[in-house]
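Residue strings, one per chain:
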2 protein chains.
Amino acid sequence: MKSRSSSPVRASAIRNSRRELAKNAVASDEPSSRKRNTHRRSPEIIDAAARVFAERGYHGATTQDIADVLNIRQASLYYYFPSKEVALEIVCTRGVEDFFKAAQAIATGPGTPPEKLAGLIRSHISPILDRGDFVKVFLTQRQFLPNESRRRVGKWSRQIEKIFEAVIREGMKTGDFRTDQDPRLTTLALLGMANAVASWYGNEKASIERIGGEFVSLTLHGLSGKAGRGARVR
Amino acid sequence: MKSRSSSPVRASAIRNSRRELAKNAVASDEPSSRKRNTHRRSPEIIDAAARVFAERGYHGATTQDIADVLNIRQASLYYYFPSKEVALEIVCTRGVEDFFKAAQAIATGPGTPPEKLAGLIRSHISPILDRGDFVKVFLTQRQFLPNESRRRVGKWSRQIEKIFEAVIREGMKTGDFRTDQDPRLTTLALLGMANAVASWYGNEKASIERIGGEFVSLTLHGLSGKAGRGARVR
DNA sequence: CCATTTTTCTATAGGCCTATAGATGAAATC
DNA sequence: GATTTCATCTATAGGCCTATAGAAAAATGG
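Now for a look at the structure at hand. Predicted model only: the values in this text are computed from it and were never measured. Residue numbering note: each chain is counted from 1, following its sequence as written. By the order in which they are written, chains take letters starting at A while ligands take numbers starting at 1. Where local features are concerned, this predicted model is filtered to residues with pLDDT of at least 70; where side-chain atom pairs are given and counted, the filter is 80 or more; whole-chain, interface and lining totals use all residues. Here the side-chain values reflect all heavy atoms present in the structure, with hydrogen atoms and water set aside.

**With respect to the packing of helix H8 (residues 208-221) of chain A against helix H8 (residues 208-221) of chain B**
Geometry of a packed helix pair, given as the angle between the helix axes and the separation of the axes.
And then number 1: What counts as an axis is a line fitted to C-alpha atoms, over the stretch in contact for a helix, and the angles between N-to-C directions run from 0 to 180 degrees. Numbering goes from the N terminus for both helices and strands, where a helix is a DSSP run of H or I of at least four residues and a strand is a run of E of at least two. Taken N-terminus to C-terminus, the directions of H8(A) and H8(B) make an angle of 110°; their axes are 5 Å apart at the nearest point. With respect to each other, H8(A) and H8(B) are oriented roughly perpendicular. Packed against H8(A), whose contacting residues are A:Leu218, A:Thr219, A:Leu220 and A:His221, the element H8(B) presents B:Leu218, B:Thr219, B:Leu220 and B:His221 at the interface.
And then number 2: The nonpolar class holds Ala, Val, Leu, Ile, Met, Phe, Trp, Tyr, Cys and Pro. Asp, Glu, Lys and Arg form the charged class, and all remaining residues, Gly among them, are polar. Class assignment of the residues belonging to the contact of H8(A) with H8(B) gives a composition of 4 nonpolar, 4 polar and no charged. Our angle categories are set so that under 35 degrees counts as roughly parallel, over 145 as roughly antiparallel, 65 to 115 as roughly perpendicular, and the remainder as oblique. Pairs of residues are marked as contacts when any of their non-hydrogen atoms sit within 4.5 Å.

**Let's talk about the relation of the copies chain B and chain A**
And then number 1: Copies overlap after least-squares fitting; the atoms used are the C-alpha atoms of residues with pLDDT of at least 70 in both. If you rotate chain B by 180° and push it 0.0 Å along the axis, it lands on chain A with an RMSD of 0.0 Å. A rotation of that kind, with that shift, is consistent with a two-fold axis.
And then number 2: Here 100% of the contact residues of chain B are again contact residues in chain A; the copies associate through an equivalent surface.

**Focus: the packing of helix H3 (residues 84-108) of chain B against helix H6 (residues 147-174) of chain B**
Residue and element names in this part refer to chain B.
And then number 1: At their nearest, the axes of H3 and H6 sit 10 Å apart, and the two run at 25° to each other. Viewed along their axes, H3 and H6 adopt a mutual orientation that is roughly parallel. Handedness of the crossing formed by H3 with H6: left-handed. Two secondary-structure elements touch here, H3 through Glu89, Cys92, Thr93, Val96, Glu97, Phe99, Phe100, Ala103, Gln104 and Ala107 and H6 through Ser149, Arg152, Val153, Trp156, Gln159, Ile160, Ile163 and Val167. If you view the pair so one helix is near and one far, a crossing is left-handed when the near helix is turned anticlockwise from the far one by less than a right angle, and right-handed when it is turned clockwise.

**Regarding the pattern of salt bridges**
And then number 1: Put simply, a salt bridge is a Lys or Arg side-chain nitrogen that is within 4 Å of an Asp or Glu carboxyl oxygen. Counted by the stated rule, this structure contains 25 salt bridges over all chains.
And then number 2: Taking the shortest distance from any N to any O, the salt bridge between A:Glu170 and A:Lys116 comes out at 3.5 Å. Separated by 54 residues along the polypeptide, A:Glu170 in helix H6 (residues 147-174) and A:Lys116 in helix H4 (residues 113-125) bring together distant segments of the chain.
And then number 3: Only protein chains enter the accessibility calculation, which uses a 1.4 Å probe. A residue is then buried if its area is under 20% of the maximum for its type, exposed if over 50%, and partly exposed in between. Classification of A:Glu170 by relative accessible area gives partly exposed; the value is 31%.
And then number 4: For B:Glu214, the salt bridge identified is with B:Arg210, shortest N-O distance 3.6 Å. Of this pair, B:Glu214 and B:Arg210 both sit in helix H8, separated by 4 residues, roughly a single helical turn.
And then number 5: A relative accessible area of 9% means that B:Glu214 is categorised as buried.
And then number 6: Through salt bridges that share partners, A:Glu204, A:Lys205, B:Glu161 and B:Arg184 make up one connected network.

**Thoughts on the interface of chain B and chain A**
And then number 1: Facing 47 residues of chain B, the contacting portion of chain A comprises 47 residues.
And then number 2: Values labelled buried area give the accessible surface lost by two parts on being combined, using a 1.4 Å probe and summing over both. A combined buried area of about 4,000 Å² lies between chain B and chain A, and 55% of that area is made up of carbon and sulfur atoms.
And then number 3: Interface area lost by chain B to chain A is led by B:Arg178, B:Leu185 and B:Leu223, which between them contribute 20%.
And then number 4: Where chain B touches chain A, the interface holds 4 salt bridges.
And then number 5: Counting of polar contacts relies on pairs of N or O atoms within 3.5 Å, with two restrictions inside protein: one atom must be capable of donating a hydrogen and the other of accepting it, and residues adjacent in sequence are counted only when both atoms are side-chain atoms. For the pair chain B and chain A, the number of links is 22 residue pairs in polar contact (both at pLDDT 80 or more).
And then number 6: Among the elements of the structure, helix H1 (42-56), helix H7 (183-200) and H8 of chain B are those that each provide at least two residues to the side of chain B that touches chain A.
And then number 7: The biggest single contributor to the side of chain B that touches chain A is H7(B), with 10 residues.

**Brief notes about H6(A)**
In an α-helix, one full turn covers 3.6 residues, which means residues spaced three or four apart are oriented alike.
And then number 1: Given a rise of 1.5 Å per residue, 28 residues ought to cover 40 Å, and the 40 Å separating the end C-alpha atoms of H6(A) matches this to within 8%.
And then number 2: A:Gly175 lies just past H6(A) and shows a positive phi near 85°. Helix span is expected to be 1.5 Å times the residue number reduced by one.

**Observations concerning the packing of aromatic side chains**
And then number 1: Here the aromatic set is Phe, Tyr and Trp, taking the six-membered ring for Trp, and pairing holds for ring centres within 6.5 Å; pairs whose planes are under 30 degrees apart are stacked, those over 60 apart are edge-to-face, and all others are tilted. For the structure shown, the criterion picks out 8 aromatic pairs over all chains.
And then number 2: Centroid distance B:Phe53 to B:Tyr58: 5.4 Å. Interplanar angle 65°. Geometry classified as edge-to-face.
And then number 3: Among the residues examined, B:Phe53 registers a relative accessible area of 0% and is labelled buried.
And then number 4: With 5.1 Å between their ring centres and 85° between their planes, B:Tyr79 and B:Tyr80 make a pair best called edge-to-face.
And then number 5: In our convention, an over-ring charge means Lys NZ or Arg CZ found within 6 Å of a ring centre and within 35 degrees of that ring's normal. A:Arg94 extends its terminal NZ or CZ atom over the ring of A:Phe134, reaching a point 4.6 Å from the ring centre.
And then number 6: Note that B:Arg131 overlies the ring of B:Phe134, its terminal NZ or CZ placed 5.9 Å from the centroid.

**Observations concerning the nonpolar core**
And then number 1: Nonpolar cores are built from buried Ala, Val, Leu, Ile, Met, Phe, Trp, Tyr and Cys residues. Side-chain atoms within 4.5 Å join them into one set. Counting residues in hydrophobic clusters, the biggest one holds 130 residues, and the most contacted among them are A:Phe53, A:Leu117, B:Phe53 and B:Leu117.
And then number 2: By convention here, the domain bounds are inherited from an automatic or database domain assignment. Built from parts of two domains, this core gets at least three residues from each of domain 1 (42-79) and domain 2 (91-221) of chain B.
And then number 3: Other than its neighbours up to four places away in sequence, A:Leu117 contacts A:Phe164, A:Val167, A:Ile168, A:Phe177, A:Leu190, A:Thr219, A:Leu220 and B:Leu223.

**Observations concerning a positive patch on the surface**
And then number 1: Only residues whose relative accessible area exceeds 30% and that form no salt bridge enter a patch; like-charged residues are grouped when within 9 Å of one another, and nonpolar side chains (Val, Leu, Ile, Met, Phe, Trp, Tyr) when within 5 Å. Each accessible area is a Shrake-Rupley result for a 1.4 Å probe, and residues are judged covered by the shown protein chains and nothing else. Only four residue types enter the charge count, namely Lys and Arg as positive and Asp and Glu as negative; His and the chain termini do not. A charged residue contributes its charge at one atom only: NZ of Lys, CZ of Arg, CG of Asp or CD of Glu. A cluster of basic residues, A:Arg150, A:Arg151, A:Lys155, A:Arg158 and A:Lys162, forms a positive patch at the surface.
And then number 2: When you line up the elements, A:Lys162 lands in helix H6.

**Thoughts on the side chain of B:His39**
Residues and elements named next belong to chain B.
And then number 1: In this fold, His39 is placed in the segment before H1.
And then number 2: Here His39 falls in the buried class, since its relative accessible area comes to 18%.
And then number 3: Among the polar contacts listed, one links the side chain of His39 to the side chain of Thr38, at a separation of 3.2 Å.

Listed below in structure tokens is the structure:
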């Protein structure tokens, strides 16, 4: 199923001396567009990689699997990316960059801390809707990136944590939030709760908006007490 | 670095001559047979597998990696398990069985729903302390089990969800919990929050007990409001 | 329609990985 | 002490996987 032609014919060794790098899919914006429209299918290729990485994990996925999704030959992929590791980095980056930007916008925007926190929670789970595979890969496979790119991607991750924590601290100052919770642990709790959605969304019938609402109300008011106590956010 | 020429220190290790129950890790109950004390090192072998699987993921880990931890040859592992997949199943099983039992005991035991839920949260994160690698592997690698064993392991997982959900519903009936939260989504939120601990415990300075306390109070009372409102559990 | 440029293909080297076979030595048991 | 059992070793078959080289096909633009 995998290999099609029989192999065994030996050829004399030919040392390669070529060092030509296919220019990658990462920076696709060429300002001066005198160049041709090259690597047109890059987004499609990366989508396929995300899908396969999400399903089988980075090490469990083969480049053949990705090629199968696209109906091209395994070797053809290397026209689009120079290595499987680079493909992983591209996928991870797209998995985190968007919701980092959204989080930042919310944190620096207007609103009371409870409103901001509600926005953060909602915006954190919303990319799962249309970029679920990318988010999943970012969350579960970034640990397999080579050191340098892992640090690069990890930086965004920590920024998001900082944004949550800052809003929580702000709410404690304003008196909106209880002060006997640890901001760091609370941040990790909320992110854990939100990140888990990527792993089960699709098996549950609830919509992203619905999930967001439930999580926000749980976070702000907890389970105890009667329904409707306190002002609801949004 | 990998292979060595000298055989591992064979040191006339102190033999536990009277330790008959150490039957291998899979099916440890040998009812009557006065069999010899075979596969003595099984627990150690499985510990090493858990450690390596937790660190590199199932597909990223090689049997050579496991052997290196133990200072034995790669092929020697096959005296202890018949395949890498079976090793994964053993690790996953040990990662879930304990806290399933604990959860069940708490749910069927005495206490108000808030007390029970607090107990569930605490007991769910506590195995991370001394079985972190097993829990991690169960949470993140069980998807790579072959169908049959994945279903077997998944069954436990769903049981735990049911236990949480039942306690939440019970609390809604008694009036201890708000009734405008969805029990299913709340369950998934709490489990996501608790499971995430496995991924960052060890990088944070907080103890398991501390984390449990924070999570319980966040879950029951939420972030809003003044500190100390309402009865604290435990 | 020809020349370029872009995209995909065939073929395969070279490496690593799981799992099996059988040998070897050490321990336990008789 | 002889025999049996246990644990580990050496060696390797047999597969699969990434990545490279270079040819072929398809698209583009004059």
